Amino acid sequence: MKINKQKLTTTVLLAIFIAFIPLGAAAPIGTSENTTVEAAKGWLGVEFVHGANNTSAIDCSHLVYQVYNQVGAKDIFFLKVPEMKNSTNYVNTTSPALGDVIFWQKDVSQDGKMYWLATHVGIYIGNNQFIDPSFDTENVTTENITGVYKEGMPYFARWSHN
């Protein structure tokens, strides 16, 4: 079999080039991870109302949209959680960074209360914590990835629309 050296060289160079294209930072392009976390903290205390999207009341998917929009995420657009999970703009990562989103794989029931985690999202702020509209407090709050939030099998993704 005869190998075309020019084709092989081009293919190898292209593969190397593609391997080093960044998927995007946890924080949207042009902002810092700390800016994303601070923007999320600005929503603390806002009431959790399913479907709401304003500074008086908000739900989890709108919180992610508003925070990312606030810090200048390139071409951010609103998606509900199931669509976020299936969107190529949210790339899963095993190394969460500040500002990444946190999703869960399954719902969890504890003490007679259902936590609908499979359709929930939050913003990772480091130290095993995230900000979300809480099922428990019914306000945007800081929570730990323990208990039901660990049982729900969390995973992380980052906005990568470049």
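Let me begin by describing the structure that accompanies this report.

Definitions and limits used
- Residues numbered from 1 in each chain as written.
- Predicted model: local features only at pLDDT ≥ 70, side-chain atom pairs only at ≥ 80, totals over all residues.
- Heavy atoms only, no water.
- Helix = DSSP H or I, 4+ residues; strand = E, 2+ residues; numbered from the N terminus.
- Buried < 20%, exposed > 50% of the residue type's maximum accessible area, 1.4 Å probe, protein only.
- Polar contact = N/O pair within 3.5 Å; in protein donor to acceptor, adjacent residues only side chain to side chain.
- Core = buried A, V, L, I, M, F, W, Y, C linked by side-chain atoms within 4.5 Å.
- Contact = heavy atoms within 4.5 Å.
- Pairing = 2+ DSSP bridges.
- Axes fitted to C-alpha atoms, helices over the stretch in contact; angles between N-to-C directions.
- Salt bridge = Lys/Arg side-chain N within 4 Å of Asp/Glu carboxyl O.
- Phe/Tyr/Trp six-rings, centres within 6.5 Å; stacked < 30°, edge-to-face > 60°.

## A look at the side chain of D100
Checked against the element boundaries, D100 lands in the loop between β3 (90-93) and β4 (101-104). You can call D100 buried: its relative accessible area is 0%. Reaching out from D100, the side chain makes a polar contact with the backbone nitrogen of A97 at a distance of 2.8 Å. At 2.9 Å, the side chain of D100 and the side chain of R158 are in polar contact.

## Section: the nonpolar core
Among the nonpolar cores identified, the biggest contains 27 residues, and V67, Y90, V101 and V121 are the most heavily contacted of them. For this core, the secondary-structure elements that each account for two or more residues are α2 (33-41), α3 (60-70), α4 (81-86), β4, β7 (121-126) and β10 (154-159). Each residue touching V101, except ones within four places of it in the same chain, is listed here: V64, Y68, Y90, V121, G122, Y155, F156 and A157. By size, the runner-up hydrophobic cluster in this structure holds 13 residues, among which are F48, L117, Y124 and F130.

## With respect to the sheet that holds β7
Ordered by their spatial adjacency, six strands build an open sheet running β3-β10-β4-β7-β8-β9, and the pairing between neighbours is antiparallel. In this open sheet, the two edge strands, each paired with only one partner strand, are β3 and β9 (140-144). The average undirected angle you get between the axes of adjacent strands in this sheet is 40°. In this sheet, β7 lies alongside β4 in antiparallel orientation, the contact comprising three bridges. In the sheet register, F103 faces β7, and the bridge partner there is V121. Contacting β3, β4, β7, β8 (129-133), β9 and β10, α3 crosses the sheet at an angle of about 50° to β7.

## Topic: the environment of G126
Take G126: it is sitting in strand β7. A residue is classified by how much of its surface remains accessible, and G126, at 9% relative accessible area, is buried. With 18 residues separating them in the primary sequence, G126 and N144 have C-alpha atoms 9.8 Å apart.

## Side note on the environment of C60
With respect to the helices, strands and loops of the structure, C60 is situated in helix α3. Judged by its relative accessible area of 7%, C60 falls in the buried class. When the C-alpha atoms of C60 and I131 are compared, they prove to be 9.4 Å apart, with 71 residues separating the residues in sequence. Apart from residues lying up to four places away in sequence, C60 is in contact with F48, V81, T119, H120, V121 and P133.

## Regarding the pattern of salt bridges
All chains considered together, the criterion is met by three salt bridges. In this structure, the salt-bridge partner of K41 is E38, at a minimum N-O distance of 3.8 Å. One end of the pair is K41 and the other is E38, both in helix α2 and three residues apart, which spans about a single turn. On the accessibility criterion, K41 (36% relative accessible area) is partly exposed. One salt bridge in this structure joins R158 and D100, with 2.9 Å as the shortest N-O distance. Residue R158 is located in strand β10, and its partner D100 is located in the loop between β3 and β4; the two are separated by 58 residues in the primary sequence.

## A short note on the packing of aromatic side chains
A complete count under the given rule lists 12 aromatic pairs for this structure. Aromatic pair F77 and W159: ring centres 5.7 Å apart, planes at 75°, arrangement edge-to-face. With F77 in the loop between α3 and α4 and W159 in strand β10, the pair connects residues that are 82 residues apart, well separated along the chain. F77 gets classed as partly exposed once you look at its relative accessible area, which sits at 35%. The exposure class assigned to W159 is buried, which follows from its relative accessible area of 4%.

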